[in-house]
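# Chain and residue survey
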Amino acid sequence: MGDDKLHFVLLPFMAQGHAIPMIDIAKLLASRSGTTVTLLLTPLNHIRVKPILSRSSQLGAHIHVEELHFPAEEAGLPAGCNLGAMDDEKLHFVVLPFMAQGHAIPMIDIAKLLAARSCCITVMLLLTPLNHIRVKPILSRSSQLGAHIHVEELHFPAEEAGLPAGYENIDLLPSTSLIDKFWFAANMTQPQVETLLKKMMFPKQSCCLVADVAFIFATEVSQKLGIPRIFFNGMNCFASLCIHHIFTSNILDTVSNEFEYFDVPGMPGKISFTGSQVKGIMATPNDKESREAMEKLMRNENSAHMVISIPLRIWSMYTLDIMRT
């Protein structure tokens, strides 16, 4: 019966730091059966959150909106001025995924999550033409749901790096022996990325570069332009932590042969590997070039404002035991 319902009326202040959590509360309440929810918004703020409310309604969480006149002129403000409408409040994210599906898919998911906050965030994806074509259907669906993602295309210098023209994703390489050249080509895009960031007409403090671990130039670019940087590592958190402890402890220097087990220092439980199990992703004591690359990766990670890694969700202790055999 209608009389048994709970009726919530939410009145958020006209500033994103106040409005966003209150709209989230409204969505949570509206998702509960036996409740009705009404949001009180000014016309401009209503327009801003319409995509969010539309997606919520499609999921069965219906939120009614009543509009309030905002008396800007009566208070001595310009007409249409309210805190929720200030462009300087928006955050602008530039997302730079590496050209491999295991890297690109989660980063595009991150871009979609950010773009879902369209009332206070803009998102730009930097993609090569071929990779742009691949994800156009995904971006189109995202846009239909109100999460708009702008794309700027980067020229991929395949031929300049000694690769055949058109090899813009690792899954197109005919041999793994070409991966080093592919990585080199990806990092040759630095001047293009830097130019695009310079052209963005936004306050530096409101911009952020979300760059994949594979782009070693991201640190230099963000520091040069004075913008924050988020470091994306496609490895899961468990593997990243193991690599960090193995590298910083120099434990591999004590391993006499590649079949000898060693315990990873600093872990909350006993985690053991052999040298042969980790040599594919770790620098060996005698590999100076790989060690320098690993040191630079660690510096890039440590200097970032934030690190995004993939949570460990599907591994069981049984899986870990298999890894040890």
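Residues numbered from 1 in each chain as written. Predicted model: local features only at pLDDT ≥ 70, side-chain atom pairs only at ≥ 80, totals over all residues. Heavy atoms only, no water.

As recorded by UniProt, the Sequence similarities (unreviewed entry) comment attached to the protein reads in full: "Belongs to the UDP-glycosyltransferase family." (UniProt positions renumbered as here; feature names shortened; annotations may be inferred.)

## A word on the nonpolar core
Counting residues in each nonpolar core, the largest one holds 31 residues, and the members touching the most others are Leu-96, Phe-98, Leu-126, Phe-156, Leu-163, Leu-197 and Leu-209. Residue assignment for this core shows that the elements contributing at least two residues are strand S4 (91–96), strand S5 (121–127), helix H5 (179–187), helix H6 (190–199), strand S7 (207–212) and helix H7 (218–225). Among the nonpolar cores identified, the runner-up in size contains 23 residues, and Phe-93, Val-95, Leu-125 and Ile-230 belong to it. (Core = buried A, V, L, I, M, F, W, Y, C linked by side-chain atoms within 4.5 Å. Buried < 20%, exposed > 50% of the residue type's maximum accessible area, 1.4 Å probe, protein only. Helix = DSSP H or I, 4+ residues; strand = E, 2+ residues; numbered from the N terminus.)

## Side note on the sheet that holds S4
A sheet is described by the order of its strands in space; here six strands give the open sequence S6-S5-S4-S7-S8-S11, paired in parallel fashion. Of all strands in the sheet, those bounded by a partner on one side alone are strand S6 (150–153) and strand S11 (306–310). Going across the sheet, the axis of each strand differs from the next one's by a mean of 25°, ignoring polarity. The strands that helix H8 (residues 237–249) touches are strand S8 (229–236) and S11; relative to S8, the one it contacts most, it runs at about 100°. (Pairing = 2+ DSSP bridges. Axes fitted to C-alpha atoms, helices over the stretch in contact; angles between N-to-C directions. Contact = heavy atoms within 4.5 Å.)

## Comments concerning the pairing of strand S3 (residues 64–67)
Bridge analysis of strand S2 (residues 35–41) against S3 gives four bridges, and the strand direction is parallel. Within S3, the position partnered with Leu-40 by the bridge is Glu-66. With respect to chirality, the unit in which S2 leads through helix H2 (residues 43–58) into the neighbouring parallel S3 is right-handed. (Right-handed = clockwise from strand over helix to strand, strands pointing away.)

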